[in-house]
Amino acid sequence: MGGEAFPDKNNTGMTLLFVLGCIFFPLSFTVLCWGLQNHSNLRMKRAEAVLVASKLVSSVQAVMASTAGYIVSTSCKHIIDDQHWLSSAYTQFAVPYFIYDIYAMFLCHWHKHQVKGHGGDEGGARAPGSIWAVARGYLHKEFLMVLHHAVMVLVCFPLSVVWRQGKGDFFLGCLLMAEVSTPFVCLGKILIQYKRQHTLLHKVNGALMLISFLCCRVLLFPYLYWAYGRHAGLPLLAVPLAIPAHVNLGAALLLAPQLYWFFLICRGACRLFRPRGSTPPSPCQTQD
């Protein structure tokens, strides 16, 4: 009889974590926007405050996710059967972040659109349907990121909660640690916003972003295959043939956007570290 009460308490706790996430991320963004605009030493414009606040919230989420992932992955000695309460708890808490971030990215795009003068004068009436034009431009520019967030909410979250059935917390913890690179990505975008591309900070941050993205998002997947191979007593190259095809497919779908983004980061790094004065176009150049 005691076993019947535990799932109810667990479900209640998971629901509360989800609700807490729904409150925490939008509220943090709102408070940061207000503070950045009204702090006596900052007084940022609305567009600047939205960008910086969104990147700060993303960085906070990344630090929490990677910390939770490290705790889970290092606590699970048996990579299949060992469990840690943080794996389910943080997943439940973080799901609203991906929904919030789609909106935050749209706000950043909207204000950038307004600053460039495509949406009418500040405070002036906007042309009918202009918001739809901005939305289309946003989806065109950020399609892969929006798709990534949607997949995380609609596919990865249900799979991690239902399909895993309490197994593989080690792998989930490792995947959470992929967020290690996010604060460097966010700082890079803020520095670009303030035209600090040629500072030492931007160069150091770019190098750290490149290394962390390579290790935590690209090489992560071969490491997970190697870890399973070590557990099962298989060589690395034999692991894909020893696990279900849908697992390989899921890993490939998760890895594909990481490879694309890593390619863009490498292009940006080539442009960043190219000697000054070399103005001709280069394959290393990329858009902001």
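Residues numbered from 1 in each chain as written. Predicted model: local features only at pLDDT ≥ 70, side-chain atom pairs only at ≥ 80, totals over all residues. Heavy atoms only, no water.

Draft legend 1. Quick look at the environment of Val146. Note that Val146 resides in helix α5 (residues 143-163). Assessed through its relative accessible area of 14%, Val146 is described here as buried. Taking the C-alpha atoms as reference points, Val146 and Ile102, separated by 44 residues in sequence, lie 6.3 Å from one another. (Helix = DSSP H or I, 4+ residues; strand = E, 2+ residues; numbered from the N terminus. Buried < 20%, exposed > 50% of the residue type's maximum accessible area, 1.4 Å probe, protein only.)

Draft legend 2. Broad picture of the confidence of the model for the chain. Residues of the chain with pLDDT of at least 70 account for 86%, and the chain-wide mean is 86. Looking at the elements of the chain, mean pLDDT is at its lowest for helix α1 (residues 2-38), recorded as 82, and at its highest for helix α9 (residues 220-232), recorded as 97. With pLDDT under 50 throughout, residues 279-288 is counted as low confidence; its partners more than four residues away or in other chains account for 17 contacts. (pLDDT = per-residue confidence, 0-100. Contact = heavy atoms within 4.5 Å.)

Draft legend 3. Region of interest: the packing of aromatic side chains. Under the criterion given, the structure shown has 12 aromatic pairs. Centre to centre, the rings of Tyr90 and Phe93 are 5.8 Å apart; their planes meet at 55 degrees, and the pair counts as tilted. With Tyr90 and Phe93 both in helix α3 (residues 85-115), this residue pair falls three residues apart, about one helical turn. Just as Tyr90 is buried, Phe93 falls in that class too. Ring geometry for Tyr97 versus Phe98: centroids 5.3 Å apart, planes at 75 degrees, classification edge-to-face. When sorted by exposure, Tyr97 lands in the same class as Phe98, which is buried. Connected via pairs of aromatic rings, a cluster forms that spans Phe24, Phe25, Phe29, Tyr90, Phe93, Tyr97, Phe98 and Tyr100. (Phe/Tyr/Trp six-rings, centres within 6.5 Å; stacked < 30°, edge-to-face > 60°.)

Draft legend 4. Examining the nonpolar core more closely. In terms of nonpolar packing, the biggest core is built from 43 residues, with Phe29, Tyr90, Tyr100 and Phe170 touching the most fellow members. Those elements that provide at least two residues to this core are α1, α2 (46-75), α3, α5, α6 (169-176) and α9. If near-sequence neighbours (up to four positions away) are discounted, Phe29 is found in contact with Val50, Ala53, Ser54, Val57, Tyr100 and Leu107. One finds Phe106, Trp110, Val134 and Val146 within the second-largest nonpolar core, a separate group that totals seven residues. (Core = buried A, V, L, I, M, F, W, Y, C linked by side-chain atoms within 4.5 Å.)

Draft legend 5. Expanded view of α9. Between the first and last C-alpha of α9 there are 18 Å, a value that for 13 residues agrees with the 18 Å anticipated at 1.5 Å per step. Burial in α9 covers these residues: Leu220, Phe221, Leu224, Tyr225, Ala227 and Gly229. Buried residues in α9 make contact with α6, α8 (200-218), α10 (239-242) and α11 (245-272). Just downstream of α9, Gly233 is the residue with a positive phi angle, here 70 degrees. (Expected span 1.5 Å × (residues − 1).)

Draft legend 6. Looking closely at the layout of surface pockets. Of the voids in this model, the second largest pocket is the one considered here, and its volume is about 1,700 Å³. Taken together, 46 residues form the lining of the second largest pocket, with Cys156, Leu175, Gly250, Ala251 and Leu254 sitting closest to its centre. Ranked by residues supplied to the lining of the second largest pocket, first place goes to α5 with 11 residues. For the lining of the second largest pocket, the per-class residue count stands at 34 nonpolar, eight polar and four charged. (1 Å grid on protein atoms, 1.4 Å probe; cavity = no way out; pocket = protein on both sides within 12 Å on 5 of 7 lines; lining within 4 Å. Points joined across faces, edges and corners; volume = space filled by probe spheres on them. Nonpolar A, V, L, I, M, F, W, Y, C, P; charged D, E, K, R; others polar.)

Draft legend 7. Quick peek at α11. Between the first and last C-alpha of α11 there are 40 Å, a value that for 28 residues agrees with the 40 Å anticipated at 1.5 Å per step. For α11, the set of buried residues is Asn248, Ala251, Pro257, Gln258, Trp261, Phe262, Ile265, Gly268, Ala269 and Leu272. Among the structural elements, α5, α8, α9 and α10 are those in contact with the buried residues of α11.

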